[in-house]
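# Geometric and topological summary
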Amino acid sequence: MAATCLGTAGGISDGVPTPVAGGITGLVKGLHTEERERRQAGFHAVVVDLPSDATAAAAADWLVAEARHPSENPEIVYADGRRHAVRPVNVPLAGQSAAAVPAGAWVITGGGRGVTAEVARGLGAHPGTVLHLIGSSPVPEVPDAWRNLDDTGIRRLREQVMRESLARKELPAAGWARVEKAIEIDATLRGLAAAGIRATYHACDVGDAAALAAVLAGIRRTDGPLVGVIHGAGFEKASRFSRKKPELVDRTIRAKADGAANLMRLTAADPLRAFVVFGSISGRFGAVGQTDYCSANEGVAKLVRWYRGQRPDVPAVAIAWHSWDGVGMAVRPESKFSKSLLKLRFMPPAEGVEHLLAEIAAGCPEAEVVITDWRYFKLRHPDPLWLPPAAAESPPAAAPPESAGPPAATRIARQVLRLRASDPPTATAARLPGPVVIAGTGPDADAVAARLEQLGIAVDRLSSSGPAAAALAELDALLAAGRAQSLLLMSAREEAACDINRPRDWRARREAGVLTPFKLVQWWFAKQAERRPAAAIAAAVNLGATSDFGQAPGPRGCGSCRAAQGGADRGRLPRLAGPRRPGRRCRSGDPAG
């Protein structure tokens, strides 16, 4: 279990003061999905968002009740004295806007291939747009002989490149991947030029603020201030949580969340007419093998809500995309196979581009938009709180009737997020496996410990305010003594951690709040896998405890919490609850790219 204090109910209103805490939500939903079979045996993962004025006693009561209450709802919100679940609701745009896509310089991150290439073609068709594509791959240098190859030519080139890679003692697959990317980017640029679209490719890591600043400055010198940003950059390496490598977790969050924060900060003086972030239904609903990718996507969605509060003059939206057909991460062989088992319908690229351009033309009325179908909703969360399409929010009077096509229950459509009342946890709840170890100190941790002890559950306390090595040593001692059947992480965060204008602090907080707890939890999981008991993990974040995983303690109380990067790992914790079944294959999730 993870607890957040996003500052607005469930973080689904603009002006979220703790956007990085959204990473916790994404992780827990990823765990909820990945451990679907284990949930049938009693395991559950849930993220609970608490009101900023919650007392330590109230927070403890809610959290302990949720930890003991298996639920199909992985995202719970307490607001106005009631328990709620977050639900997407079908709300079409109110008619076709007459406004054109703004003319001027646009930045599109994510390279010049896949989903972003489709977007570039659609956006560039509008008069006056000048496109600047930013990707991590080098500027392509492709010989003429490599262009316009048929399938046989591609196969022969791949064999040649892989033989040469072997001769250089390089991984053949890595050598071919570089060449393949260069060919695709080159083809995109040539295709845009042939269509009369001005487009330039820039090689840059958007997570590198200095490098990105230099690229943006060069763009302004040639084409003037930026009018629009589309942040499609992302990295994803699907694997079970137990196999997640810290450096890949860092890279995943860096590409999506750090990249968005850098773009927001470095375009503060530009007269932006649109700021669009590409997310994924993986972040909104969770996906197998993608806990870090879920975290990055959900975290950046909350960052957009924070941004709308900071720059209300800039239309901004995070779009959680359904899987695109033929392009993007979801069409990799391992991803497409898993989706074929689910009979998931892929979205035609033209349909995706149409959704994007319509959102921009309408002025991005919602901060978070989900583009997917009803079947996917029910597949991920088959609970009674889902509203059928006929009962969804009525669109504005000006909205046109839906066009003819597939039934509403299967059509890929625009959804927005709303709270729905949910019954409180049942009185007859399961007992948590104890002893429970609470990593963290402070009034809130004390309140949770007291509540657990009232229930007859043994509690051990673990100091996590020092170096990670010390916390690991303490945990190892408890495990050696047969303790720590369940793990509860509680940490506080400083207000400065959420300031994107202080990149060094941002990075330090992410390191302290994600990677260090990640190590702690993986160590706990490894030891539990050796003992093979029915263990559980709970993680409480942003509850005002003085522990900060090696960082300076934050002020007491939920209302003082301003960031929860560390909570990302708490999300991971629940999914670790229990030994990994040997021999089980990982299935990739559903990023759009």
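Up top is the structure these notes are about.
In short, a report on the structure. (Residues numbered from 1 in each chain as written. Predicted model: local features only at pLDDT ≥ 70, side-chain atom pairs only at ≥ 80, totals over all residues. Heavy atoms only, no water.)

This structure, assessed with the given rule, holds 4 aromatic pairs. Where Trp62 meets Tyr78, the ring centres are 4.6 Å apart and the plane angle is 20°; that geometry is what we call stacked. Taken as a pair, Trp62 in helix 3 (residues 56-67) and Tyr78 in strand 3 (residues 75-79) lie far apart in primary sequence, 16 residues in all. Overall, the relative accessible area of 24% leaves Trp62 in the partly exposed class. A relative accessible area of 7% places Tyr78 in the buried class. Where Phe275 meets Tyr307, the ring centres are 5.0 Å apart and the plane angle is 45°; that geometry is what we call tilted. One end of the pair, Phe275, is in strand 9 (residues 274-280); the other, Tyr307, is in helix 10 (residues 291-310), and 32 residues separate them in sequence. Taken together, the ring pairs connect Phe278, Trp321 and Trp324 into an aromatic cluster. Its guanidinium or amino end placed over the ring of Trp176, Arg158 lies 5.9 Å from that ring's centre, counting from NZ or CZ. (Phe/Tyr/Trp six-rings, centres within 6.5 Å; stacked < 30°, edge-to-face > 60°. Helix = DSSP H or I, 4+ residues; strand = E, 2+ residues; numbered from the N terminus. Buried < 20%, exposed > 50% of the residue type's maximum accessible area, 1.4 Å probe, protein only. Lys NZ or Arg CZ within 6 Å of the ring centre and 35° of its normal.)

This part covers the sheet that holds strand 12 (residues 413-421). Read from one edge to the other, the open sheet built from 12 strands follows the order 1-2-3-4-12-11-10-9-8-5-6-7, with strand pairing classed as mixed. For this open sheet the edge positions go to strand 1 (2-4) and strand 7 (198-203), each flanked by a neighbour on one side alone. Neighbour to neighbour, the strand axes of the sheet diverge by 25° on average, direction disregarded. With 3 bridges joining them, strand 11 (residues 368-372) and strand 12 adopt antiparallel strand pairing. (Pairing = 2+ DSSP bridges. Axes fitted to C-alpha atoms, helices over the stretch in contact; angles between N-to-C directions.)

Before going further, it helps to examine the packing of helix 8 (residues 246-266) against helix 10. One can describe the packing of helix 8 onto helix 10 by two numbers: an axis separation of 9 Å at closest approach and a directional angle of 15°. Of the possible angle classes, the one that applies to helix 8 and helix 10 is roughly parallel. Crossing hand, helix 8 versus helix 10: right-handed. Counted together, Leu248, Val249, Thr252, Ile253, Lys256, Ala257, Ala260, Ala261 and Met264 of helix 8 and Asp292, Tyr293, Ser295, Ala296, Asn297, Val300, Leu303, Val304, Trp306 and Tyr307 of helix 10 form the full contact between these two elements. Here the residues of the contact of helix 8 with helix 10 are counted per class, giving 14 nonpolar, 3 polar and 2 charged. (Parallel < 35°, antiparallel > 145°, perpendicular 65-115°, else oblique. Left-handed = near helix turned anticlockwise from the far one by under 90°. Contact = heavy atoms within 4.5 Å. Nonpolar A, V, L, I, M, F, W, Y, C, P; charged D, E, K, R; others polar.)

Going through the model one piece at a time under the given rule, you end up with 29 salt bridges. For Arg168, the salt bridge goes to Glu170, with nearest N and O atoms at 3.4 Å. Notably, a salt bridge pairs Asp205 with Arg254, separated by 2.7 Å at the nearest N-O pair. Separated by 49 residues along the polypeptide, Asp205 in the loop between strand 7 and helix 7 (209-223) and Arg254 in helix 8 bring together distant segments of the chain. Residue Asp205 is classed as partly exposed on the basis of its relative accessible area of 33%. Residue classification places Arg254 among the partly exposed positions, given a relative accessible area of 24%. Each of Asp14, Lys29, Glu75, Arg284, Glu298, Lys302, Arg305, Arg308 and Glu368 takes part in a single network of salt bridges with overlapping partners. (Salt bridge = Lys/Arg side-chain N within 4 Å of Asp/Glu carboxyl O.)

A separate point is the environment of Ser463. As for its position among the elements, Ser463 is in the loop between strand 14 (459-462) and helix 15 (468-480). Distance in space between the C-alpha atoms of Ser463 and Thr441 is 6.8 Å, their sequence separation being 22 residues. Excluding anything up to four places from it in sequence, Ser463 contacts Ala471 and Glu474.

Attention now goes to helix 15. Over its 13 residues, helix 15 extends 18 Å from the first C-alpha to the last, a length consistent with the 18 Å expected when each residue adds 1.5 Å. Looking only at helix 15, the buried set comprises Ala471, Leu475, Leu478 and Leu479. The arc enclosing the buried residues of helix 15, seen along the axis, measures out at 100°, which places them on a common side. Structural note: helix 15 exposes Ala469 and Ala480 on the side pointing more than 90 degrees away from its buried face. Following helix 15 by one or two positions, Gly482 adopts a phi angle in the positive range, close to 80°. (Expected span 1.5 Å × (residues − 1). Arc of directions from axis to C-beta.)

Positive phi, normally seen in glycine, also occurs at Asp80, with a value near 55°. Along the polypeptide, Asp80 turns up in the loop between strand 3 and strand 4 (82-90). Positive phi is not limited to glycine here, since Ala484 has a value of about 55°. Mapped onto the secondary structure, Ala484 falls in the loop between helix 15 and strand 15 (486-491). A relative accessible area of 0% means that Ala484 is categorised as buried.

Here Ile197 shows up in the loop between helix 6 (172-194) and strand 7. Separated by 74 residues in the primary sequence, Ile197 and Leu123 have C-alpha atoms spaced 9.4 Å apart. For Ile197, the contacting residues outside a window of four places in its chain are Ala120, Arg121, Gly124, Ala125, Leu131 and Leu192.

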